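Reading the structure
As a plain string of letters, each chain reads:
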Amino acid sequence: MKKIMFFDTKPYDREFFNIANEKHGYKIKYINNRLSEDTAPLAIGYDAVCAFVNDDISSAVVDLLYENGIQLIALRSAGYNNVDLKAVYKKIHVVRVPAYSPYAVAEHAMALILSLNRKIHKAYNRTRDSNFALGGLLGFDLHGKTAGIIGTGRIGQILAGILRGFGMRVLAFDRFPKKEWAAETGVEYTELNELYQQSAIISLHCPLTPETEHMVNAESLAQMKDGVMLINTSRGGLIQTQDLIDALKRKKIGSAGLDVYEEEDEYFFEDRSDEVMTDDVLARLLTFPNVLVTAHQAFFTKEALANIAETTLGNINAYFDEKNLDNEICYRCSTDSCPRKTTGRCF
Ligand code: NAD
């Protein structure tokens, strides 16, 4: 029976993985600790490890896992920016869950938009304190306004559909525009600068890559409409956070909904409510009444957790049964030279 070490798990992960594992019967060890150079040796004696978004899969960790006989890293996430794909290549196969519920993330982005616009986070606290005044809660009609979506993959397309349903004009930017989909849905592809200049709401849905890192910075913020609402449910590194804070202080940015944060690995997914916050940037962000931070919860629906567990164990199964690894990822996957397209595996 193959043994899998699960890093960085929470009770909800265990609940859904235990159900999915009933038909696979893997010997699973769940631990709370994140994968790091310190914890990698805990995987000695296991065949595979399962990791999440804030686990450290840098070259030093890869070497430790490889030396200890790990054959497979099964990511239970879509994003893989925490993996050193060059270091892992030809040593350990890496599989992921490319899509588990794009609806979950798109709907959370919409929840942030609606909450920020209609100040639901403030109204909730007010009425509990018997404060029924409306001052400061003024929103705007979404109908007829323009939204900009950066990255029209699975999640971006669903959010575009939701926003069209609200009667918004939707502009989009993507490295690979999906022209047929745009024509069918009435979405308009534009250049990035035009999207920045025209959108009342901008939502980020592209992956974090060297090209997209800090794409929202002082320069791009300056191009945006005054009072724009910025939504990020993608990856924190897309935004230069200090530049965002400066723009919030100058009231250039009207509001920001952030489900991800550049330095989230220290705080997100953990209860640190009885500790002093040492991250001054996060602390500053949390002081703005027009900033809504959620702790990387956009994916967090029952449907998504069930899909993540089933796909992850399915990926592990495919590896050990020597089947094609449809969800494998390597640094060559984005080029035509990746052998997976013909041989079913990246190496
Ligand atoms: P996807 O791969 O389906 O779509 C990504 C889109 O971004 C593609 O259309 C791609 O062409 C485009 N893109 C790539 N580089 C670009 C660039 N430089 N400029 C503009 N567009 C570019 O991915 P998805 O499933 O829609 O997920 C999007 C992102 O959401 C993921 O990368 C992940 O980081 C994030 N995510 C977050 C959560 C969460 O819980 N907050 C959950 C799942 C995914």
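Since the model is a prediction, treat every value here as computed from it, not as a measurement.

Counting across every chain of the model gives twelve aromatic pairs. Here the aromatic rings of Phe299 and Phe300 are separated by 5.7 Å at their centres, their planes lie at 65°, and the arrangement is edge-to-face. On the basis of relative accessible area, Phe300 is assigned to the partly exposed category, the value being 40%. Counting every residue linked through ring pairs, the aromatic cluster contains Tyr12, Phe52, Tyr100, Phe269, Phe299 and Phe300. The ring of Tyr46 has Lys3 sitting right over it, with the charged end atom 4.9 Å from the ring centre.

As a further point, take the layout of surface pockets. Where empty space is left in the structure can be found by rolling a water-sized probe over the atoms. Estimated volume of the second largest pocket: approximately 280 Å³. Lining the second largest pocket are 19 residues, and of these Lys119, Phe140, Gly227, Gly254 and Ser255 lie nearest its centre. Listed by contribution, the elements that provide at least two residues to the lining of the second largest pocket are helix H4 (102–118), helix H5 (120–128), strand E10 (228–232) and strand E11 (253–258). Of the residues belonging to the lining of the second largest pocket, the class tally is seven nonpolar, eight polar and four charged.

What follows deals with the sheet that holds strand E12 (residues 291–293). Within the open sheet, the seven strands sit side by side as E8-E7-E6-E9-E10-E11-E12. Their pairing is parallel. Only two strands of the sheet have a single partner each, and these edge strands are strand E8 (188–189) and E12. The pairing of E11 with E12 spans three bridges and is parallel. Within E12, the residue paired with Ala256 across the bridge is Val291.

Split by domain assignment, the protein chain resolves into domain 1 (3–100 + 302–343) and domain 2 (102–293). The straight-line distance from the C-alpha centre of domain 1 to that of domain 2 is 30 Å. With both chains or domains summed, domain 1 and domain 2 bury close to 960 Å², and 48% of this area falls on carbon and sulfur atoms. When the buried area of domain 1 at its contact with domain 2 is split by residue, Arg34, Asn54 and Asn81 rank highest and sum to 43% of it. For the pair domain 1 and domain 2, the interface holds two salt bridges. With a shortest N-O distance of 3.0 Å, Lys10 and Glu270 are connected by a salt bridge. Where domain 1 touches domain 2, the interface holds five residue pairs in polar contact (both at pLDDT 80 or more). Classifying every residue of the side of domain 1 that touches domain 2 by side-chain character gives seven nonpolar, three polar and three charged.

Parameters and conventions
- Along each chain, the written sequence defines residue order, and numbers are assigned to residues from 1.
- It should be noted that, the model being predicted, local features are given only for residues of pLDDT at least 70 and side-chain atom pairs only at 80 or more, the latter also being counted only at that level, while totals for whole chains, interfaces and linings use all residues.
- Based on all heavy atoms of the structure, the side-chain values leave hydrogens and waters out of the count.
- Between rings of Phe, Tyr and Trp, where Trp is taken as its six-membered ring, a pair exists when centres lie within 6.5 Å; planes separated by under 30 degrees are stacked, by over 60 edge-to-face, and by other angles tilted.
- Exposure classes here rest on a 1.4 Å probe applied to the protein chains alone. A residue is buried below 20% of its type maximum, exposed above 50%, and partly exposed in between.
- Geometrically, a charge over a ring is one whose NZ (Lys) or CZ (Arg) sits within 6 Å of the ring centre while staying within 35 degrees of the ring normal.
- Residues are said to line a cavity or pocket when one of their atoms sits within 4 Å of a point; the points come from a 1 Å grid over protein atoms alone, cavities being sets where a 1.4 Å probe fits but cannot get out and pockets being open sets with protein on both sides within 12 Å along at least five of seven lines.
- Grid points are joined across faces, edges and corners, and a volume is the space filled by probe spheres set on the points.
- Numbering goes from the N terminus for both helices and strands, where a helix is a DSSP run of H or I of at least four residues and a strand is a run of E of at least two.
- When residue character is reported, Ala, Val, Leu, Ile, Met, Phe, Trp, Tyr, Cys and Pro are called nonpolar, Asp, Glu, Lys and Arg charged, and the others, Gly included, polar.
- Only strands joined by at least two bridges in the DSSP assignment are considered to pair.
- The split into domains, and so the bounds of each, comes from an automatic or database assignment of domains.
- As used here, buried area is the combined drop in accessible area, with a 1.4 Å probe, of two parts when they are placed together.
- Each salt bridge in this description consists of a side-chain nitrogen of Lys or Arg and a carboxyl oxygen of Asp or Glu lying within 4 Å of one another.
- We call two N or O atoms a polar contact when they sit within 3.5 Å, provided that within protein one can donate a hydrogen and the other can accept it, with sequence-adjacent residues counted only if both atoms are side-chain atoms.

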